[in-house]
Protein chains: 4
Amino acid sequence: MHSQGSLRIGVIGTGGMGTRHAMNIHRFVNGADVAAVYDLDQARAQRVADACGARVLDNPRALIQNENVDAVLIASPDETHAALTLACLEIGKPVLCEKPLATTVPDAERVLNAEVALGRRLVAVGFMRRFDPPHVAVKHAATGGKLGQPLLFKGVHRNASAPYGTTGANILINSAGHDFDSARWLLNEQVQEVYVRGVCSRADASPGAQDLLLVVMSFANQRMATAEVYVNADYGYEVSAELVCQHGTVVTEQPDAALVRANGQRGYSVPNDWLARFNEAYIFELRDWVDSIQKGQPFHGASAWDGYMAMLITNACIQSLQTQQIVAVNAPQTPALYQ
Amino acid sequence: MHSQGSLRIGVIGTGGMGTRHAMNIHRFVNGADVAAVYDLDQARAQRVADACGARVLDNPRALIQNENVDAVLIASPDETHAALTLACLEIGKPVLCEKPLATTVPDAERVLNAEVALGRRLVAVGFMRRFDPPHVAVKHAATGGKLGQPLLFKGVHRNASAPYGTTGANILINSAGHDFDSARWLLNEQVQEVYVRGVCSRADASPGAQDLLLVVMSFANQRMATAEVYVNADYGYEVSAELVCQHGTVVTEQPDAALVRANGQRGYSVPNDWLARFNEAYIFELRDWVDSIQKGQPFHGASAWDGYMAMLITNACIQSLQTQQIVAVNAPQTPALYQ
Amino acid sequence: MHSQGSLRIGVIGTGGMGTRHAMNIHRFVNGADVAAVYDLDQARAQRVADACGARVLDNPRALIQNENVDAVLIASPDETHAALTLACLEIGKPVLCEKPLATTVPDAERVLNAEVALGRRLVAVGFMRRFDPPHVAVKHAATGGKLGQPLLFKGVHRNASAPYGTTGANILINSAGHDFDSARWLLNEQVQEVYVRGVCSRADASPGAQDLLLVVMSFANQRMATAEVYVNADYGYEVSAELVCQHGTVVTEQPDAALVRANGQRGYSVPNDWLARFNEAYIFELRDWVDSIQKGQPFHGASAWDGYMAMLITNACIQSLQTQQIVAVNAPQTPALYQ
Amino acid sequence: MHSQGSLRIGVIGTGGMGTRHAMNIHRFVNGADVAAVYDLDQARAQRVADACGARVLDNPRALIQNENVDAVLIASPDETHAALTLACLEIGKPVLCEKPLATTVPDAERVLNAEVALGRRLVAVGFMRRFDPPHVAVKHAATGGKLGQPLLFKGVHRNASAPYGTTGANILINSAGHDFDSARWLLNEQVQEVYVRGVCSRADASPGAQDLLLVVMSFANQRMATAEVYVNADYGYEVSAELVCQHGTVVTEQPDAALVRANGQRGYSVPNDWLARFNEAYIFELRDWVDSIQKGQPFHGASAWDGYMAMLITNACIQSLQTQQIVAVNAPQTPALYQ
């Protein structure tokens, strides 16, 4: 069932992330509907379609072009993001692409250039932390004046576990992009230089594997950032973002529901993954994206430029990790479209 | 604009609470729409109607009976709740009535009896804490087995300020009902006896005014409850619920977004009111209520029986406060409809 | 080895508490020495004497009268406290008596009357919470003016486990006295009325056993207090004291050393008992007591009057628990010696 | 008054730190006495001497050599530390030298070599964090096995304010040494490489001034460390140390006494300086030092080797900051005396 006047969204990719997005639209975003879904695994796609009252299409490009699809949400594997986003740009359909926007700098650049050439912003990138209430509170505190200028961003990003053989480059592409985006968003300055160190936490890891990275970024105008990314943290999934400002600091609080005292401990449950941790952020991101399309107001999340910059930093970090050197980041001027 | 197949809700009362409910439906409850609104202040009603694409009706009973209204949400002044809820029952429309269900025991009884006579549950009562993630986490911990049986409920309920002249009875009717409902829901036993003490925090208060109450409730099966309700707490709005269980305890955590260090302090902002504190709970309550109507599944919130029991305890507490005695609560058997 | 000019202390009772006191003097209270120890178990006494460079005496009264003992610390079983304290008063030696000062009201009264007759304060009572930095911080906040007058004291007192057969009266005598003292100290008003409810947490407890009490106290001048005392809390030992004041609240913080993230949890270790929890308080209490004797300055802890009042409240609470009635507390005027 | 058999300590320097040490000995370290004090400001020295029953000497070297001084505590200005410590070594007296052990690598080396030549450990260095209960709890958790091996140390060090003109080198010498020592102590590996970035938080600072440094250290055996040192943090003094380990993390908890709710905030007071924050650590450090001398047991704090290593890292960090390069730390073999 599709409501008259509601925004008809096509969802590409119905793994964990795509399914969550589809169900969030169906349940929590009034004025929008999941019109079509696609997944390589058609049975999986069918289950989501059934739950949302959508239909299954058997080709992602056909979904993008379908006349009953007003906007596209891309949650398919990372390597497909850039090409599918370009396909949306080609026919002028709004698209929310899960992070990363691309897995290489040239791919990210192609998307960026296509949108700049088009002259209007159709691409949203799923850095959902920008909608997470704790991160939003940090942003507000940092811009509220009371703390003065932000000086240092400190990110912590811990995954419960990573696949065997994960490398530092994998971590930088798949995970650390969030932290690069948060640092840029919260410091609001241009990154200039990066330095990355990594270690491997497990004696039985494959040769060359790394699972704990320490990233240092130097920004323009006396600002710095650092991020710890540990993807075999075992104890659970946890993200935190702190800003050290001139007159004080502000840090995201973990969204704990209840404190339990038992067995000699007083403590909190740690979520297993990002879907549990960022439950609200995903809903607010979709709500804001749909509003931006329906009402013509700006999207408050990440743009193609932000997605491109995250990829540029990722690339410099990979070089730093491999060469064990400090690496400069040479970002182009911010195109007028994103200023 | 109303979507085909969506649940058409009429909202009675567009003060702070009613407006929030209307906007939550409009934005966050897919598959439902605000079809009609009523408020004594028609201009205020019109603003909400405009924001939601609804129309304004000039009579609450006409709204209830309107053929384009599938379900009713009552957020008008407390004294109107029982009569309007009865009007919904009379024509068999589902209704979500804000707490309290009534302001007197006989009124609550009338609603209860009407629903029992009808033989099916149409009434939901807006004790939204049952949908608050912290409270839900306490419920889960208490029923999860690890902590053993709950023994003692401890509620804290603080409002920033109360109107001049507020009495202990006012507090018991307007505020403490939430705590009575939480205690019953979390202890899952019948209340037997209450004892209430109250003081007045302000030297310049009106004669007989009280603003800080301490309630003790004895329940069947070796369980107890206590609630502090302070309605001139000045520092902000805060609610907490703790269960002391056989082998440990669990307590709601305040949903803090960010920790700020500034001016010799490290701390959190306290919200001003319940709309800020229970933001998510209100959305989840509506989502669950709409699902219960559309899918015929049970509503997970409070029933008319729960609303009646809250009123019964409120009444005993008023007596205890006035007589300074321990007062027995003689609850009838739980009707089969609510077992 | 005893230092010239140092205060020579005799310790009666070398169980857990007495041993801790002796070792604290020996290690952390410069200017004082453990001169003599007594315990019914002479081997145990000898071990403490060896560790402190003290000698063992074989009779508590002989210890009190010994000319090489300047001051006495009583940490023997509760029933001996009053008589031994009286023996100290008889010969005019300063004495720090562990709580409770007595186990019956008449006994407490005898000690009080003896000191009043003597006309100077020689008795200190070991309500060590008055020296606990968290409790001291609550006292300071409450008297600092920023929060206005205190209105409500809320105590929480949880022991990991209690002996089989523990009754409500046992809890009131052995444990709750601390909370009565804290309430009086922090509210600084006269108690007027008490109400106590209790339950038993264990299905296999002995008949009449209770292990979880809820105490409500009404004080003069619009003040109230409540205490939860649960002595089979299983998860560990925990004490907390909160003051709800006119313009805000203040509550003791648990003195956690480190936050651990492991196994899906983020939390703190809870201590097993009071020796771990009140480590600093015991040292500061002794330091202040020794200073009060050596420098003639007032002792900042509890007096015989405080010990007597705790017993009076305890007694009223036992009556309330047994009769299930509200019980008035008829305290005499505070003697001039304690004003 | 000096007690027979007690350890007679001479204190050099009676500024804030030296006065605190003297008073701590006098009040909280039984078995030790302040026998003599020296300060360039003799009136200041006299005040401390009066409070402790000590006498004032007019020359630090005379104090060291005085036959009534068994052990020396150095709390004079940083530049005097190495020479005075050497003077103690020359006559074989135990010495507790406040950090830093020296202000240059050659000076630190001289002290180290002198002690190694002597063949026994007489030098203790005042890295008091090793006695701070939160830091000790981190050490215990890290060595307890439950968390696996430590991988990453993360230090935070914030001073309320620094003198106008403070440079990065000043911070590294005066403040960051604590963090270098903590990292070494907690990771228990040899440092190999450092990278330091710094910014200046104030627009009106002197040219070349810096007040916020970010230090990255690479250790042997797949371990890393990072420290943020911000000396104009404005909001107060705060130190934290976290270990990210294979299976979890552990972080020092701030020793908060009480939580206050007032004025729309729920929070804690932040101490102004290290004397308030490390109150217990200073006492425990002295107690352990005195025990180590009197009982011949090992001192559990930092040695001359630790003091030397802190200086070596400091020096590499200064180079990194000045050259903006990664700098290798070439530490000699740990001498047998310190293994």
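Keep in mind that this is a model prediction, so the values were computed, not measured.

For chain A, the helix and strand inventory stands at 11 helices and 16 strands. By the compact-globule yardstick of 20 Å for 339 residues, chain A fits well, its C-alpha radius of gyration being 20 Å. When the backbone C-alpha atoms are referred to their principal axes, chain A occupies close to 55 × 50 × 50 Å. Burial statistics for chain A: of 339 residues in total, 61% are counted as buried. By sequence separation, contacts in chain A at least 24 residues apart represent 72% of the contacts at least 6 residues apart.

Residue and element names in this part refer to chain A. Note that Glu242 resides in strand 11 (residues 238-245). On the basis of neighbour counts, which here come to 23 C-beta atoms within 10 Å, the residue Glu242 falls in the buried class. Remark: the alpha-carbon pair of Glu242 and Ala205, spanning 37 residues in sequence, is separated by 31 Å. For Glu242, the residues in contact, after removing those within four places along its chain, are Lys154, Thr249 and Val251.

Moving on, we get to the pairing of strand 1 (residues 7-12) of chain D. All names here are of chain D. Where burial is concerned, most of strand 1 is hidden: five out of the six residues are buried. With six bridges joining them, strand 1 and strand 2 (residues 32-38) adopt parallel strand pairing. Bridging across to strand 2, Leu7 finds its partner in Ala32. Note that the unit made of strand 1, helix 1 (residues 16-28) and strand 2 has a crossover that is right-handed. Where strand 1 and strand 4 (residues 71-74) come together, four bridges link them in parallel fashion. From the neighbouring strand, Gly10 faces strand 4, where its bridge partner is Val72.

Once that is clear, we can look at the relation of the copies chain C and chain A. Each copy of the chain is related to the other by a rotation around an axis and a translation along that axis. Once chain C is rotated about the relating axis by 180° and shifted along it by 0.0 Å, it coincides with chain A to within an RMSD of 0.0 Å. The symmetry that links the two subunits is that of a two-fold axis. If distances are taken from each C-alpha of chain C to the rotation axis, the shortest is found for Gly267 of chain C, at 1.9 Å. A share of 100% of interface residues in chain C that are also interface residues in chain A marks the association as one of identical surfaces.

Before going further, it helps to examine the relation of the copies chain C and chain D. Mapping chain C onto chain D leaves a residual RMSD of 0.0 Å; the transformation is a rotation of 180° accompanied by 0.0 Å of translation along its axis. In this assembly the copies share their binding face: 100% of the residues contributing to the interface of chain C also contribute to that of chain D.

For the rest of this paragraph, the subject is the packing of helix 4 (residues 81-90) of chain D against helix 5 (residues 105-118) of chain D. Residues and elements named next belong to chain D. As a packed pair, helix 4 and helix 5 sit with axes 9 Å apart at the nearest point and diverge in direction by 10°. Here helix 4 lies roughly parallel to helix 5, going by the angle between them. Contact with helix 4, carried on its side by Ala82, Thr85, Leu86 and Leu89, involves Asp107, Ala108, Arg110, Val111, Ala114, Glu115 and Leu118 of helix 5 and no other residues of that element. Here the residues of the contact of helix 4 with helix 5 are counted per class, giving seven nonpolar, one polar and three charged.

Attention now moves to the sheet that holds strand 5 (residues 95-97) of chain A. Residue and element names in this part refer to chain A. Read from one edge to the other, the open sheet built from seven strands follows the order 3-2-1-4-5-6-15, with strand pairing classed as mixed. In this open sheet, the two strands that pair with only one neighbour each are strand 3 (55-56) and strand 15 (302-303). This element, helix 1 (residues 16-28), spans strand 1 (7-12), strand 2 (32-38) and strand 4 (71-74) of the sheet and lies at about 150° to strand 2.

Moving on: the interface of chain C and chain A. The interface of chain C with chain A comprises 12 residues on the first partner and 12 residues on the second. Elements that contribute at least two residues to the side of chain C that touches chain A include exactly strand 13 (258-262) and strand 14 (265-269) of chain C. Taken together, the residues that form the side of chain C that touches chain A break down as four nonpolar, six polar and two charged. As defined by bridge partners, strand 14 (residues 265-269) of chain A adjoins strand 14 of chain C across five bridges and the pair is classed as antiparallel. By the bridge assignment for strand 14 of chain C, Gly267 of chain A is matched with Gly267 of chain C.

Looking now at the domain arrangement of chain A. Residue and element names in this part refer to chain A. In terms of domains, chain A is made up of domain 1 (7-128 + 280-303) and domain 2 (130-273 + 309-338). Taken over C-alpha atoms, the centre of domain 1 sits 25 Å from the centre of domain 2. Each partner contributes residues to the interface: domain 1 has 21 residues there, and domain 2 has 15 residues. Those elements giving two or more residues to the side of domain 1 that touches domain 2 turn out to be helix 5 (105-118), helix 10 (279-295) and strand 15. With five residues, helix 10 is the largest single contributor of residues to the side of domain 1 that touches domain 2. Split into classes, the residues belonging to the side of domain 1 that touches domain 2 amount to 11 nonpolar, five polar and five charged.

Take the interface of chain C and chain D next. Opposite the 34 residues of chain C that make contact, chain D presents 34 residues. Elements with a contribution of two residues or more to the side of chain C that touches chain D: helix 1 (16-28), helix 6 (133-143), strand 12 (248-252), strand 13 and helix 10 (279-295) of chain C. Grouping the amino acids of the side of chain C that touches chain D by side-chain chemistry returns 17 nonpolar, 10 polar and seven charged. The sheet contact formed by strand 13 of chain C and strand 12 (residues 248-252) of chain D spans five bridges and is antiparallel. Bridge assignment links Val260 of chain C to a residue of strand 12 of chain D, and that residue is Val250 of chain D.

What follows covers the pairing of strand 10 (residues 223-230) of chain B. Residue and element names in this part refer to chain B. In terms of burial, strand 10 is largely enclosed, as eight of its eight residues are buried. On strand 10, burial covers both faces: Arg223, Ala225, Ala227 and Val229 on one face and Met224, Thr226, Glu228 and Tyr230 on the other are all buried. By the bridge criterion, seven bridges tie strand 7 (residues 150-158) to strand 10 in an arrangement that is parallel. Residue Lys154 lies in a different strand from strand 10, and its bridge partner there is Thr226.

This brings us to the sheet that holds strand 1 (residues 7-12) of chain B. Residues and elements named next belong to chain B. Strand order in this open sheet of seven strands is 3-2-1-4-5-6-15, and the pairing throughout is mixed. Both outer strands of the open sheet, strand 3 (55-56) and strand 15 (302-303), are each paired with one neighbouring strand and no more. In the packing of helix 1 (residues 16-28) onto the sheet, contacts are made with strand 1, strand 2 (32-38) and strand 4 (71-74), and the angle to strand 2 comes to roughly 150°.

Turning to unusual backbone geometry, a few remarks are in order. Pro100 of chain B follows Lys99 of chain B through a cis peptide bond whose omega is -5°. Relative to the helices and strands, Pro100 of chain B resides in the loop between strand 5 (95-97) and helix 5 (105-118). The backbone of Asn188 of chain A sits at a positive phi, close to 60°, despite the residue not being glycine. If you trace the backbone, Asn188 of chain A turns up in the loop between helix 8 (176-187) and strand 8 (191-199). Its identity as a non-glycine residue notwithstanding, Asn221 of chain B has a phi of 65°, on the positive side.

So, on to helix 2 (residues 42-52) of chain A. Residues and elements named next belong to chain A. Among the residues making up helix 2, those that are buried are Ala45, Val48, Ala49 and Cys52. Buried residues of helix 2, viewed axially, fall in a sector of 105°; they line one side. Seen from the open side of helix 2, the exposed residues pointing more than 90 degrees away from its buried face are Ala43 and Asp50. Where helix 2 is buried, its residues touch helix 1, strand 2 and strand 3. Just beyond helix 2, the residue with positive phi is Gly53, at close to 70°.

This brings us to the confidence of the model for chain A. Residues with a pLDDT of 70 or more make up 99% of chain A, whose mean pLDDT is 96. Reported confidences for the modelled complex are a pTM of 0.96 and an ipTM of 0.95.

Further remarks concern the environment of Ser201 of chain B. Structurally, Ser201 of chain B can be placed in the loop between strand 8 (191-199) and strand 9 (212-219). Separated by 32 residues in sequence, Ser201 of chain B and Ala233 of chain B have C-alpha atoms that sit 9.1 Å apart. With residues near it in sequence (within four places) discarded, Ser201 of chain B still touches Asp211, Leu212 and Asn232 of chain B together with Leu151 and Gln246 of chain C.

Now for the environment of Ser240 of chain A. Residues and elements named next belong to chain A. Inspection of the secondary structure assignment puts Ser240 in strand 11. When the 18 C-beta atoms within 10 Å are taken as the criterion, Ser240 is described as partly exposed. Sequence separation of Ser240 and Leu40 is 200 residues, and the distance between their C-alpha atoms is 34 Å.

Quick notes on the rules
Residues numbered from 1 in each chain as written. Chains lettered and ligands numbered in written order. Predicted model: local features only at pLDDT ≥ 70, side-chain atom pairs only at ≥ 80, totals over all residues. Helix = DSSP H or I, 4+ residues; strand = E, 2+ residues; numbered from the N terminus. Rg over C-alpha atoms; globule rule 2.2 N^0.38 Å. Buried ≥ 20, exposed ≤ 12 C-beta atoms within 10 Å, placed from the backbone. Contact = placed C-beta atoms within 7 Å. Pairing = 2+ DSSP bridges. Right-handed = clockwise from strand over helix to strand, strands pointing away. Least-squares fit on C-alpha atoms with pLDDT ≥ 70 in both. Axes fitted to C-alpha atoms, helices over the stretch in contact; angles between N-to-C directions. Parallel < 35°, antiparallel > 145°, perpendicular 65-115°, else oblique. Nonpolar A, V, L, I, M, F, W, Y, C, P; charged D, E, K, R; others polar. Domains from an automatic or database assignment. Arc of directions from axis to C-beta. pLDDT = per-residue confidence, 0-100.

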